Amino acid sequence: MSKKIKKIGVLTSGGDAPGMNAAIRGVVRTAISNDVDVYGIHWGYQGLMEGKIEQMNARDVSGFGSLGGTKLGSARSPEFKTEEGIKKAIEYLKAFEIEGLVVIGGDGSLRGAMDLHNRGIKVVGIPASIDNDIAHTDFSIGSDTALNTILDALDKIRDTASAHYRGFVLEVMGNKNGYLALTSGTAGGAELIIVPSTKIDKDKIIHQIKSAFLRKKSSFIAVCAEGASTPEQNISDLIVSYIKEAGFECRKTVLGHVQRGGKPTGRDRILGNAFGHAAVIQLIKGNSGIMVGDVGNNIECTPIPKVCEDTKNIKLPKEVLDVIDDLMI
Ligand code: ADP
């Protein structure tokens, strides 16, 4: 049995996601409840290389559950990927006698965590990404809040679109897996959903648009994943041109960074706290190089290299996937 860990650190890295603060809360309180000192590292790996580290107590995270963004700050740090950069990071961890680290972030941040693991630092990752594109977890922190933010926008766009018999294209984030487009389009009743894997059939889409208005629909909303665009072709602009070609007015809304912000939903808060708790327990058990995930409503741990290697499959109930076309009539 290895010696019990005495000091751990926690950082948030890469793209911020609502619910990161709940995860910090879970980490800090679980550590303290288990007599482990816990240090907050500000501004991700960048802050770690600069020694922006301070001890946290239970009251420091009071009220964190309901806060969007990340109170520790996040950063993208190209320097951390260099030999010099990682050496600096490890020097600071040693100087503070921090033996284990919880990294809250997306797949880039998890790769960074693995580099630390390979150099003898104990690390456990927590998946946080509004895109829900991390394998071996059904949900990553932030994806449920982003979905609800999009739905709020989509409902509002439906009001104005219906008032004018217009087409609307709503471009949403989601990286290359299209989770946010598929779920928001389904839940929001979009007439067309384009994800990165969608095969674009111009004639079929134009027919769909015309027939929707012929069936007395007062609006046509297409939700497009920004990840479906290529350097050559912006997918939202393409769908706008199809709607116009079909003979209808059309507007485009790119939701952008509003999708990253806001109060985390109940699901993201629960996930954050649960992941935070599980990550610390894994460090106490002496485990490292793993990510905690929610698999079928259970917390499961997966080696980080496997997480980075595997592709995330979008999980919607099969029943829903089977009937999406029926629902769009
Ligand atoms: P996310 O974690 O949201 O995917 P990034 O991909 O920007 O965001 O990664 C966040 C940070 O993690 C990067 O700025 C870098 O410091 C570190 N990182 C990313 N990829 C790697 C990698 N392959 N090896 C080591 N560190 C990495």
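One structure accompanies this document, and this report is about it. Predicted model only: the values in this text are computed from it and were never measured.

### Remarks on the site of the ligand
Logical step 1: Taken together, 15 residues surround the ligand, and among them Gly-15, Arg-76, Ser-77, Gly-106 and Ser-109 come closest.
Logical step 2: Gly-15 is positioned with one of its backbone polar atoms (N or O) 3.0 Å from an oxygen atom of the ligand.
Logical step 3: Its free accessible area being 550 Å², the ligand has 79% of it covered by the protein chains.
Logical step 4: By residue number, the principal contributor to the shell around the ligand is helix 4 (residues 107-118), which donates six residues.
Logical step 5: Counted by class, the shell around the ligand contains two nonpolar, eight polar and five charged residues.

### Overview of the packing of helix 1 (residues 20-33) against helix 9 (residues 266-284)
Logical step 1: Where helix 1 meets helix 9, the closest approach of the two axes is 7 Å, and the angle between their N-to-C directions is 35°. The way helix 1 lies across helix 9 gives a crossing that is right-handed. Residues Ala-22, Ala-23, Arg-25, Gly-26, Val-27, Thr-30 and Ala-31 of helix 1 touch helix 9, and the partners they reach there are Arg-269, Gly-272, Asn-273, Gly-276, His-277, Val-280 and Ile-281.
Logical step 2: In the contact of helix 1 with helix 9, the residues fall into six nonpolar, six polar and two charged.

### So, the packing of aromatic side chains
Logical step 1: All told, the structure shown has three aromatic pairs when counted by the stated rule.
Logical step 2: Where Tyr-45 meets Phe-80, the ring centres are 3.9 Å apart and the plane angle is 5°; that geometry is what we call stacked. Taken together, the positions of Tyr-45 in helix 2 (residues 44-49) and Phe-80 in the loop between strand 3 (53-56) and helix 3 (83-95) put the pair 35 residues apart, joining distant regions of the chain. Judged on exposure class, the residue Tyr-45 and its partner Phe-80 are both buried.

### Section: the environment of Lys-3
Logical step 1: Tracing the backbone shows Lys-3 in the segment before strand 1 (7-12).
Logical step 2: Taking the C-alpha atoms as reference points, Lys-3 and Ile-24, 21 residues apart in sequence, are found 24 Å from one another.

Cut-offs used in this document
- Residues numbered from 1 in each chain as written.
- Predicted model: local features only at pLDDT ≥ 70, side-chain atom pairs only at ≥ 80, totals over all residues.
- Heavy atoms only, no water.
- Near = heavy atom within 4 Å.
- Polar contact = N/O pair within 3.5 Å; in protein donor to acceptor, adjacent residues only side chain to side chain.
- Areas by Shrake-Rupley, 256 points an atom, 1.4 Å probe, with all protein chains shown as cover.
- Helix = DSSP H or I, 4+ residues; strand = E, 2+ residues; numbered from the N terminus.
- Nonpolar A, V, L, I, M, F, W, Y, C, P; charged D, E, K, R; others polar.
- Axes fitted to C-alpha atoms, helices over the stretch in contact; angles between N-to-C directions.
- Left-handed = near helix turned anticlockwise from the far one by under 90°.
- Contact = heavy atoms within 4.5 Å.
- Phe/Tyr/Trp six-rings, centres within 6.5 Å; stacked < 30°, edge-to-face > 60°.
- Buried < 20%, exposed > 50% of the residue type's maximum accessible area, 1.4 Å probe, protein only.

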